[in-house]
Protein chains: 2
Amino acid sequence: MPAGKLLSHIKNLTLLSADEEKQIEDVLEKKTIRKRQFLLHEHQIAKVAAFVISGCLRSYSIDRNGFEHILQFAPENWWVTDMYSFISGKESYLNVDALVDTEVLILSREDQQHLCGKISQLEHYFRVITEKALVSTQQRLMDNLSTTARQRYEKFCGTYPGLINTLPQKLIASYIGITPEFLSKIRGEFLREN
Amino acid sequence: MPAGKLLSHIKNLTLLSADEEKQIEDVLEKKTIRKRQFLLHEHQIAKVAAFVISGCLRSYSIDRNGFEHILQFAPENWWVTDMYSFISGKESYLNVDALVDTEVLILSREDQQHLCGKISQLEHYFRVITEKALVSTQQRLMDNLSTTARQRYEKFCGTYPGLINTLPQKLIASYIGITPEFLSKIRGEFLREN
DNA sequence: CCCCCCTCTTAATATAGTTTAAGATAATTT
DNA sequence: AAATTATCTTAAACTATATTAAGAGGGGGG
């Protein structure tokens, strides 16, 4: 039952009957995305969202100068898509690819909307996780407006102790919004102080 | 019927029966917030959210050096609160105050949760507007990571043509994440080029 | 096994944005 | 209307971060 992890995730926030579980399972599609392969390319329409069972995806944009900026890491139990495209049906501006071999459950917007209309507990689930995603994006935005690169790096270490030693540094730099060279410099100072 | 504007806003996205409208109206409280008065102070618990009928509120944080950073302007038809505190019940980190005399409808988290359980169309409404808020926060974050202050200013002019001539510039500077002095410099260059 | 590519580091130089300070305008209060 | 306070502008000096360049170390593919 590959959908088990997602069903548990939903049942942490609400209740589901056996029949409802079945309906949800029926629309999910399990998929493997190998390292460096893409779930979504910019300019495509994001018709689906992905729930990560194992591995890690990331979403990022590429600016007019060719630099990548990471919006989100999606390890186990996280959803990821280009939300803008997913809800509007317009071209995505994000790319989503795999940092390591990754197993996901695929849910289309169409199925999501249809099921939310039938299963009000599912609509509740998506409202609540969207609220949480909003909060964490807001906090990240405020951090970017009010703290230095160094403070953001230290915060990242605290928030994602699991990722700090597995991810290449250039990805961390891209996430906290600085160049890899500058991150290296910060880390250098950091080490020398201890 | 002070709730009319909010009910219209909801009915743009979904359908409500007359009875459901009544239930919603019953829990809303109309309130006037005068210029410079606060709806919420940091360190309080945000037990309510506000829907703006007329006027304009803003939410902002104060960093450790005493500088303000504006997260959101809330003109007519926008919701505002400290979402982090609202959903977690923990201390807020945002302040919400009025930029001009403002009329709002107040909805408590308790009433929201209770009504969403009874009126699935309302849960749908909140899911959809939360998704939209998430998208716009994500895009603002990506803009902050990938564009210059000047590009952000130009984008702000395009996105909020209504606010650009009513808001004091120091507020715009705070929103786009720069000092008022630097915004003034950008505007100076801008004018000289035309 | 070696080569090549990719990542990380270091350092010099360049730039976007801040800080400080002062004067000029505009808006409130008295 | 005067007095006071807040906002806007300008400019010089400063700082955080970017850019460029070059070299060192590692891991995967042929």
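Residues numbered from 1 in each chain as written. Chains lettered and ligands numbered in written order. Predicted model: local features only at pLDDT ≥ 70, side-chain atom pairs only at ≥ 80, totals over all residues. Heavy atoms only, no water.

*Asks:* Quick one: what's the story with unusual backbone geometry, residue by residue and with numbers?
*Replies:* Residues and elements named next belong to chain B. Backbone geometry at Arg36 places phi at a positive 75°, although glycine is not the residue there. Relative to the assigned elements, Arg36 resides in the loop between strand E1 (29-33) and strand E2 (38-40). Judged by relative accessible area, Arg36 falls into the exposed class, the value being 63%. Residue Asn77 is not a glycine yet carries a positive backbone phi of 75°. For Asn77, the location among the structural elements is in the loop between strand E5 (68-75) and strand E6 (79-80). (Helix = DSSP H or I, 4+ residues; strand = E, 2+ residues; numbered from the N terminus. Buried < 20%, exposed > 50% of the residue type's maximum accessible area, 1.4 Å probe, protein only.)

*Asks:* Could you give an account of the relation of the copies chain A and chain B, with specific residues and numbers?
*Replies:* Between chain A and chain B, which share one sequence, the superposing operator has a rotation angle of 180° and an axial displacement of 0.0 Å; the RMSD is 0.1 Å. This pairing of chains is accounted for by a two-fold axis. The share of interface residues of chain A whose copies in chain B are also at the interface is 100%, consistent with both copies meeting through the same surface. (Least-squares fit on C-alpha atoms with pLDDT ≥ 70 in both. Contact = heavy atoms within 4.5 Å.)

*Asks:* Please provide a residue-by-residue account of the interface of chain A and chain B, values included.
*Replies:* The partner chain B presents 38 residues to the 38 residues of chain A that form the contact. With both sides pooled, the region where chain A packs onto chain B buries about 3600 Å², and carbon together with sulfur makes up 67% of that total. For the chain A face of the interface with chain B, the top three residues by lost area are Arg127, Met142 and Leu145 of chain A, together amounting to 19%. Among the salt bridges present, the one from Arg109 of chain A reaches Glu131 of chain B, with a minimum N-O distance of 3.1 Å. Those elements giving two or more residues to the side of chain A that touches chain B turn out to be strand E5 (68-75), helix H3 (83-88), helix H4 (109-118) and helix H5 (120-146) of chain A. At 20 residues, H5 of chain A tops the list of elements feeding residues into the side of chain A that touches chain B. Looking at the side of chain A that touches chain B residue by residue, the class counts come to 16 nonpolar, 14 polar and eight charged. (Buried area = accessible area lost by both parts, 1.4 Å probe. Salt bridge = Lys/Arg side-chain N within 4 Å of Asp/Glu carboxyl O. Nonpolar A, V, L, I, M, F, W, Y, C, P; charged D, E, K, R; others polar.)

*Asks:* Outline the protein's contact with DNA strand C, supporting the account with residue identities and numerical values.
*Replies:* The environment of DNA strand C is made up of 15 residues, and the closest members are Gln169, Lys170 and Ser184 of chain A together with Ala149 and Thr179 of chain B. Counting only atoms of DNA strand C within 4 Å of the protein, the sugar-phosphate share comes to 76%. Within the side chain of Ser184 of chain A, one N or O atom sits 3.1 Å away from a phosphate oxygen of DNA strand C. A distance of 3.1 Å separates a phosphate oxygen of DNA strand C from a polar backbone atom of Thr179 of chain B. Contributing elements (two or more residues each) for the surface near DNA strand C: helix H8 (169-176) and helix H9 (180-192) of chain A together with helix H8 (180-192) of chain B. In terms of residue count, the dominant contributor to the surface near DNA strand C is H9 of chain A (three residues). When grouped by side-chain class, the residues that make up the surface near DNA strand C number five nonpolar, five polar and five charged. (Near = heavy atom within 4 Å. Polar contact = N/O pair within 3.5 Å; in protein donor to acceptor, adjacent residues only side chain to side chain.)

*Asks:* Give me the lowdown on the protein's contact with DNA strand D, citing residues and values where you can.
*Replies:* Taken together, 16 residues are adjacent to DNA strand D, and Ala149 and Thr179 of chain A together with Gln169, Lys170 and Ser184 of chain B come closest. Among atoms of DNA strand D positioned within 4 Å of the protein, sugar and phosphate together represent 76%. A distance of 3.2 Å is found between a phosphate oxygen of DNA strand D and a backbone nitrogen or oxygen belonging to Thr179 of chain A. If you list the elements that add at least two residues to the surface near DNA strand D, you get H9 of chain A together with helix H7 (169-176) and H8 of chain B. Per-element accounting of the surface near DNA strand D gives the leading share, four residues, to H8 of chain B. Partitioned by chemical class, the residues of the surface near DNA strand D number five nonpolar, five polar and six charged.

*Asks:* Mind laying out the packing of aromatic side chains, listing which residues take part and the relevant values?
*Replies:* As enumerated under the stated definition, the model contains 19 aromatic pairs over all chains in all. Relative to Phe126 of chain B, the ring of Tyr125 of chain B lies with its centre 5.1 Å away and its plane at 65°, an arrangement referred to as edge-to-face. The burial state of Tyr125 of chain B is the same as that of Phe126 of chain B; both residues are buried. One cation-aromatic arrangement involves Arg58 of chain A over Tyr60 of chain A; the distance from NZ or CZ to the ring centre is 3.9 Å. (Phe/Tyr/Trp six-rings, centres within 6.5 Å; stacked < 30°, edge-to-face > 60°. Lys NZ or Arg CZ within 6 Å of the ring centre and 35° of its normal.)

*Asks:* Report on the packing of H4 of chain A against helix H5 (residues 120-146) of chain B, specifying residues and quantitative values.
*Replies:* How two helices pack is summed up by the angle between their axes together with the distance between the axes. Axis separation between H4 of chain A and H5 of chain B bottoms out at 12 Å; the angle between their running directions is 150°. As far as their axial angle goes, H5 of chain B and H4 of chain A are roughly antiparallel. When you trace H4 of chain A past H5 of chain B, the crossing you get is right-handed. Each of Arg109, Gln112, Gln113 and Cys116 of chain A in H4 of chain A lies in contact with H5 of chain B, whose residues at this interface are His124, Arg127 and Glu131 of chain B. Broken down by class, the residue content of the contact of H4 of chain A with H5 of chain B amounts to one nonpolar, three polar and three charged. (Axes fitted to C-alpha atoms, helices over the stretch in contact; angles between N-to-C directions. Parallel < 35°, antiparallel > 145°, perpendicular 65-115°, else oblique. Left-handed = near helix turned anticlockwise from the far one by under 90°.)

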